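# Residue-level structure breakdown
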Amino acid sequence: KPDRIAAVDVLVTSPTRNFVTLKITTEQGLVGWGDATLNGRELAVASYLRDHLAPLLIGRDPARIEDTWQYLYRGAYWRRGPVTMTSVGAVDLALWDIKGKAAGLPVYQLLGGAVRDRILSYTHATGWDIPQLLDSLDARLAQGFRAVRAQTGVPGLDIVYGVSKDGAAYEPAGRGLAPVEETWDTDAYLRHAPEALAAARSHLGPEVKLLHDAHHRLTPNQAARLGRSVEDLDLFWLEDVTPAENQEVLRTVRAKTTVPLAIGEVFHTVWECQSLITEQLIDYVRCCVTHAGGISHLRRIAALADIWQIQLGPHGPSDVSPVALAASLHVGLATPNFAIQEYMGYAPLVHEVFPHAWTYEDGHLHPGEAPGLGIEVDEELAARHPYEPAYLPVARRRDGSMTDW
Ligand code: GCO
Ligand code: MG
């Protein structure tokens, strides 16, 4: 007699930052967890799950993961987009968690077993100026990382993406009732970034993998110029060089520079990645397991990318919860073209709220051997940290016009 979904709950909690976590409970008492965190728009996903999907899920067979995915995706009619795909992704993660627990196996075993022993990870090194950046690189190497993303301040700008002035861990979403407005100057950035990255490369030596995130801010030609200016630094990747609604513009960048390109953290389905992959316009797909429709859909993206020798390097900053990281690592262990996992780390309280089997050691991550995703939620502790409104910043140029953050 098949098990049935008996309850669907959505926990909106804020241990140092907001997370939305889906809890699916079955009649036989199995509990599955899914991450549904959409930084800055959390309550939209909570409502989509609570008000629209929960009634559809009660009574369904939790074992039918793919049918549920098809039912929620095609049944939405208004498909794709961050809210819908994060909601579908959360359900997908929870159902894979339940299937693993029912089978007594870690999810990676259900995905075909391990194709590697451990997963290479990269983390963030930041410095308001270059000396601070070099210190931050040393601190990350001391933690065992073999791959680091380098971001610095920009002379003349007061706030810059990805960098905190006081050396604290960078948290993109600011608590409060309105986004922080940052001033951005691409010309100043283009003058400074090559110098900062060259200093990072000479400080690191040739082996450590060096990454950089342009965070959607360049025009195609500016991206080509930046790529050319760092050509001999052997970057592992240059990320989000342009706002990627228009994927064709990457042809311009690709024609002018060989620097490896990574795009996809703001994509939600394979369709947003499609021409970037089939036209070889990128080297790495950054889609996150939560925001791209869960394990089931991330595997489809990986499969298409594999055909074109493109690898996965999924998004994994502090606003991707430990539940999503767990799921990403199960995919990572079982997917041949999974290259690297972003791991920014979490505050101690977050690890307490989300006790997890996944581990970080010596620059690498592993999902662990616990059944399912290998993660639980301390609901009592989580309830002590209720949701607080928080927004991602916005960016304006010096003339006051809006630009991409
Ligand atoms: C990254 C991302 C983040 C995003 C953040 C938004 O590469 O880790 O660009 O820094 O800005 O996840 O919520
Ligand atoms: Mg990024």
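The coordinates are above.
To keep things clear, this report deals only with the structure shown in the data block. Predicted model, so just to flag it, every value in this text is computed and none were measured.

Here is what the cut-offs are and how they apply
- Residues numbered from 1 in each chain as written.
- Chains lettered and ligands numbered in written order.
- Predicted model: local features only at pLDDT ≥ 70, side-chain atom pairs only at ≥ 80, totals over all residues.
- Heavy atoms only, no water.
- Helix = DSSP H or I, 4+ residues; strand = E, 2+ residues; numbered from the N terminus.
- Buried < 20%, exposed > 50% of the residue type's maximum accessible area, 1.4 Å probe, protein only.
- Contact = heavy atoms within 4.5 Å.
- Pairing = 2+ DSSP bridges.
- Donors = N, O, S within 2.8 Å, 3.2 Å for Na, K, Ca; no water.
- Near = heavy atom within 4 Å.
- Polar contact = N/O pair within 3.5 Å; in protein donor to acceptor, adjacent residues only side chain to side chain.
- Areas by Shrake-Rupley, 256 points an atom, 1.4 Å probe, with all protein chains shown as cover.
- Nonpolar A, V, L, I, M, F, W, Y, C, P; charged D, E, K, R; others polar.

Attention now goes to the environment of His-203. One can find His-203 in helix 6 (residues 186-204). Judged by its relative accessible area of 34%, His-203 falls in the partly exposed class. Taking the C-alpha atoms as reference points, His-203 and Arg-300, 97 residues apart in sequence, are found 39 Å from one another. Here His-203 is in contact with Leu-134 and Asp-138, once residues within four sequence places are set aside.

With that settled, consider the pairing of strand 3 (residues 31-35). With five of five residues buried, strand 3 is to be regarded as a mostly interior element. Neither face of strand 3 is left uncovered, since the one carrying Val-31, Trp-33 and Asp-35 and the one carrying Gly-32 and Gly-34 both have all their residues buried. Relative to strand 3, strand 2 (residues 19-26) is paired through five bridges, and the arrangement is antiparallel. The residue of strand 3 that forms the bridge with Ile-24 is Gly-32. Linking strand 2 back to strand 3 in an antiparallel pair, the connection comprises four residues, with Gly-29 at a positive phi of about 90°.

In this section: the sheet that holds strand 7 (residues 181-184). Ordered in space as 7-17-18, the three strands form an open sheet in which the pairing is mixed. Lying at the two open borders of the sheet, with one neighbouring strand each, are strand 7 and strand 18 (402-403). As judged from the four bridges shared by strand 7 and strand 17 (residues 394-397), these two strands associate in the parallel manner. If you follow Thr-183 over to strand 17, its bridge partner there is Arg-396.

Moving on to the coordination of the magnesium ion (ligand 2). Protein coordination at the magnesium ion (ligand 2) comes from Asp-213 (OD), Glu-239 (OE) and Glu-265 (OE), with a distance range of 1.9 to 2.2 Å. Each donor residue of the magnesium ion (ligand 2) belongs to the same chain, with the gaps between them written as D-x25-E-x25-E. You can see Glu-239 sitting in strand 9 (residues 237-239) and its partner Glu-265 sitting in the loop between strand 10 (261-263) and helix 9 (270-278), a full 26 residues away along the chain. A relative accessible area of 11% places Glu-265 in the buried class.

In the vicinity of ligand 1, 16 residues are found, and the nearest of them are Asn-39, Tyr-161, His-215, Glu-265 and Glu-342. Within the side chain of Arg-149, an N or O atom sits 3.2 Å from an oxygen atom of ligand 1. Take Asp-213: an N or O atom from its side chain is 3.0 Å from an oxygen atom of ligand 1. For ligand 1, whose unbound accessible area comes to 340 Å², protein coverage reaches 96%. In terms of residue class, the shell around ligand 1 is built from five nonpolar, four polar and seven charged.

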